[in-house]
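Summary of the model geometry
The primary structure of each chain is shown beneath.
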Amino acid sequence: MGTLSLPRKVSVLGSTGSIGVSTLDLFERAGAEIEMVALAAGRNVEQLADQALKWRPQIAVIEDEAALPRLRERLAGSGIRTAAGAAAVADAASADAQWVMSAIVGFAGLAPTLAAARAGAVVALANKESLICAGPALLRTAKLAGGVIIPVDSEHSAIFQVFSPSNAQHVSRLILTASGGPFRGWTREQMSLAAPEQALAHPNWSMGARISIDSATMMNKGLEVIEAAYLFAMPPERIDIVIHPQSIIHSMVEYADGSTLAQMGPPDMRAPIACAFAWPDRLPWPAEKLDLARSGPLTFEAPDLERFPALRIAKAALAAGGAAPTAMNAADEIAVAAFLDRRIGFLDIADTVAETLERMDRQNLLKRGGEDPVEAARATDATARRVAGDVVDSLMAPAHARA
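Rules and cut-offs
- All chains use their own residue numbering, which begins from 1 and follows the written sequence.
- Local features in this predicted model are restricted to residues of pLDDT 70 or higher, and side-chain atom pairs are both shown and tallied only at a pLDDT of 80 or more, whereas totals for entire chains, interfaces and linings draw on every residue.
- For the side-chain quantities, the full set of heavy atoms in the structure was used; hydrogens and water were omitted.
- When DSSP finds two or more bridges between a pair of strands, those strands are recorded as paired.
- A run of H or I in DSSP becomes a helix once it reaches four residues, and a run of E becomes a strand once it reaches two; helices and strands are each numbered from the N terminus.
- Axis angles are defined between N-to-C directions and span 0 to 180 degrees, where every axis is a line fitted to C-alpha atoms and, for a helix, only to the segment in contact.
- By definition, residues are in contact when any of their heavy atoms lie within 4.5 Å.

1. Looking at the sheet that holds strand 7 (residues 148-151)
- Strand order in this open sheet of 7 strands is 4-3-2-1-5-6-7, and the pairing throughout is parallel. Each of the sheet's edge strands pairs with one partner strand only, and the pair in question is strand 4 (81-84) and strand 7. For this sheet, the mean inter-axis angle between neighbouring strands, taken without regard to orientation, is 15°.
- Pairing geometry for strand 6 (residues 122-125) and strand 7, over 4 bridges, is parallel. Along strand 7, the bridge assignment pairs Leu-125 with Pro-151.
- Lying over the sheet, helix 2 (residues 45-55) contacts strand 2 (35-41) and strand 3 (59-62), oriented at roughly 180° with respect to strand 2.
- Together, strand 1 (9-13), strand 5 (99-102), strand 6 and strand 7 form the strand contacts of helix 5 (residues 110-118), whose direction differs from that of strand 6 by roughly 150°.

2. Notes on the environment of Leu-357
- Its place among the elements puts Leu-357 in helix 16 (residues 348-362).
- The residues touching Leu-357, leaving out its near neighbours within four places in the chain, are Ile-313, Ala-324, Ala-327, Met-328 and Leu-366.

3. Describing the side chain of Asn-220
- With respect to the helices, strands and loops of the structure, Asn-220 is situated in helix 11 (residues 219-231).
- Ignoring any residue separated from it by four or fewer positions in sequence, one finds Asn-220 in contact with Lys-128, Asp-214 and Ser-215.

Structure, rendered in structure tokens:
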């Protein structure tokens, strides 16, 4: 393992979520010699306590302040410091870790990610909102601090692995692959009757609720287009999406000479986490290897923008710039929650996002000046959530969604 056998200071933000759990599992499987600086979670105090007792971080932080007494009780006598609240999570992110997994779900992950970048850490980025809401500021902050942002999303990790910054001028296109989600072959009429349980049943990946629904609407791919534009300084017209149901090719980079480089592997999030942890080296661990002879045919098709309008909405938000991507993300989160609560139908998710952006544009609420990126994003996020809530209230959910 070379230098990877040396102790390495690590923090995991969002340690009880799917990415955080996969990160800790990877460390264990790889036998990585690390010093855990901080573990941070939202409200799952029991799992956080169990992780802390196993990994012995300097500090364990729970965002839910009401859970702090229980965390202190569980860790009494361990010597592990405890803290609670959003500010404490950001403080933990800016501690002296060399490598920080940023996997806190939602807007709550923005401030800690910026804090880690400001501290000059290598940030393994699994929090979409950090790029959607403050991509240019985040990348600029990391560069000035001497740190680096390494994407963990499988699609952006794939591009990262085959994208040479020194040859960026020779790149023709970035091609993000998408599984198509559970409704790839459904008509819009069928999708209008879809229940949350059906939308959550992703054919290839095990993910959290919001990401699973975003995969079903393909909003996740729209968000990834915005992220790719920021991460790789690529204009939106040179970022395409292709449906690849097998999820073997995770994304591709097409060069001007006709070569297209693809990164391939089984659908396992520990692989991009391992890449982010060891880069530019490679981390040996007992990963499942790709057997192309047994994987069957690999197929591809163009996305249907009529059945999946979220893709069109996201590209329009990217082109509009300013606060539009932040507002889109917030509106989507409100719409997804309303669908999961059976207050609106599946097709109403994209309609809610589009209507929110339209209302905010009419009210001139999508302009954003040079304020602090977190505060500016927070203000836009709050406004968009309020507007999206109004849109949801105005919609009539299908009868089946109320059942």
